[in-house]
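Residue-level structure breakdown
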Amino acid sequence: GPKVLQIPSHQIIDMGQMVTLNCDPVSNHLYFYWYKQILGQQMEFLVNFYNGKVMEKSKLFKDQFSVERPDGSYFTLKIQPTALEDSAVYFCASSFHWRAEQFFGPGTRLTVL
Amino acid sequence: AQSVTQPDARVTVSEGASLQLRCKYSYSATPYLFWYVQYPRQGLQMLLKYYSGDPVVQGVNGFEAEFSKSDSSFHLRKASVHWSDSAVYFCAVSADNNRIFFGDGTQLVVKP
């Protein structure tokens, strides 16, 4: 079936640095999402994105977070600067329609030291 | 507020036995309900979904789930499990704003 790719699979950085997580969504999908899962906790919605704009974001989507998809390339999540509490697995998802099935990537494990 | 509860963190069954994974949801409007499975080092894969209509929905690999409005439940079932079904299973509800709310997941262990 359709696959969402995420690069890298694991990223380790020092607190205060910037990090960019990359997502290659399903090619004809129009809606994009990021979810965050802290170890041992539920996966939680961060943000959804359509037509170049953030449509909705949760309280977890701090001011240090930003998303973009320049020219139909990767859908990225940037964190600048990072904090210890940003350590988590970040899952990207995409869907063709609003409220259609979301296809998930395998996640990027971010470790902030 | 939307929420999903999966009361069993881990379920162990023998191969060939039947399976039920429990899920309770909280959502004021008509829910969109999902079951996802996650194998090690892979993304979530959707097993089945319920939007409306027949409360029993069929999914892939012999899985089915039954929506109960009165009980606010969406339990996942399989008549006969295989060792390859060992994975983490997530129940989820989608809100009007297209957010998906996930349960904590249930680790399924199938013994040979």
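Residues numbered from 1 in each chain as written. Chains lettered and ligands numbered in written order. Predicted model: local features only at pLDDT ≥ 70, side-chain atom pairs only at ≥ 80, totals over all residues. Heavy atoms only, no water.

1. What about empty space enclosed by the protein?
One simple way to see leftover space: roll a probe sized like a water molecule over the atoms. Defined as follows: Lining residues are defined by having an atom within 4 Å of a point belonging to a cavity or pocket. Those points lie on a 1 Å grid over the protein atoms alone, cavities being sets where a 1.4 Å probe fits but cannot get out and pockets being open sets with protein on both sides within 12 Å along at least five of seven lines. Grid points are joined across faces, edges and corners, and a volume is the space filled by probe spheres set on the points. In this classification, the charged set is Asp, Glu, Lys and Arg, the nonpolar set is Ala, Val, Leu, Ile, Met, Phe, Trp, Tyr, Cys and Pro, and all remaining amino acids, among them Gly, are polar.
In total, this model carries 1 cavity of 30 Å³ or more according to the counting rule given. Size it by volume and the largest cavity reaches roughly 30 Å³. Looking at the lining of the largest cavity residue by residue, the class counts come to 4 nonpolar, 3 polar and 1 charged.

2. Details of the interface of chain A and chain B
We count it as follows: Should any heavy atoms of two residues lie within 4.5 Å, those residues are considered in contact. Salt bridges are identified by distance alone: a Lys or Arg side-chain nitrogen within 4 Å of an Asp or Glu carboxyl oxygen. In protein, a polar contact means a hydrogen-donor-capable atom and an acceptor-capable atom, both N or O and within 3.5 Å, with residues adjacent in sequence counting only if both atoms are side-chain atoms; elsewhere, any N or O pair within 3.5 Å suffices. By the criteria applied, helices consist of DSSP H or I runs no shorter than four residues and strands consist of E runs no shorter than two, each listed in order from the N terminus.
At the interface, 19 residues of chain A touch 21 residues of chain B. There are 1 salt bridge connecting chain A and chain B. With a shortest N-O distance of 3.3 Å, A:E56 and B:R99 are connected by a salt bridge. Where chain A meets chain B, there are 6 residue pairs in polar contact (both at pLDDT 80 or more). At the level of secondary structure, the elements contributing two or more residues to the side of chain A that touches chain B comprise β4 (31-37), β5 (43-50) and β6 (53-57) of chain A.

3. Regarding the nonpolar core
Inside soluble globular proteins, nonpolar side chains tend to come together where they are buried. Rule in force here: Here, the term nonpolar core denotes a set of buried Ala, Val, Leu, Ile, Met, Phe, Trp, Tyr and Cys residues that are joined through side-chain atoms within 4.5 Å. Think of it in three bands: residues with accessible area under 20% of the maximum for their type are buried, residues over 50% are exposed, and the middle band is partly exposed, with areas taken using a 1.4 Å probe on protein chains only.
Core analysis: the biggest nonpolar cluster contains 29 residues, and B:L19, B:W35, B:L47, B:L48, B:F74, B:L76 and B:Y89 have the highest contact counts within it. Among the elements of the structure, β2 (10-14), β3 (19-21), β5 (32-38), β6 (44-50), β8 (63-68), β9 (73-78), β10 (87-94) and β12 (106-111) of chain B are those that each provide at least two residues to this core. Counting residues in each nonpolar core, the second largest holds 23 residues, with A:V26, A:F65, A:V67 and A:Y90 among its members.

4. Here's the deal with the state of the cysteines
Worth spelling out the cut-off: Here, the term disulfide refers to a pair of cysteine sulfur atoms separated by no more than 2.5 Å.
Scanning all chains against the criterion turns up 2 disulfides over all chains. Covalent S-S linkage joins A:C23 and A:C92, the inter-sulfur distance amounting to 1.8 Å. The S-S bond linking A:C23 to A:C92 shows a torsion near -65°; that makes this disulfide left-handed. Of the two residues, A:C23 is situated in strand β3 (residues 19-24) and A:C92 in strand β9 (residues 88-95); the sequence distance between them amounts to 69 residues. Considered together, A:C23 and A:C92 belong to a single accessibility category, that of buried residues. Across the disulfide, B:C23 is cross-linked to B:C91 (sulfur-sulfur distance 1.9 Å). Where B:C23 bonds to B:C91 through sulfur, the torsion about that S-S bond is close to -65°, and the disulfide is left-handed. Highlighted residues: B:C23 in the loop between β3 and β4 (24-26) and B:C91 in strand β10, separated in sequence by 68 residues. With respect to class, B:C23 is no different from B:C91; both count as buried.

Keep in mind that these numbers describe shape and distance, not what the molecule does.
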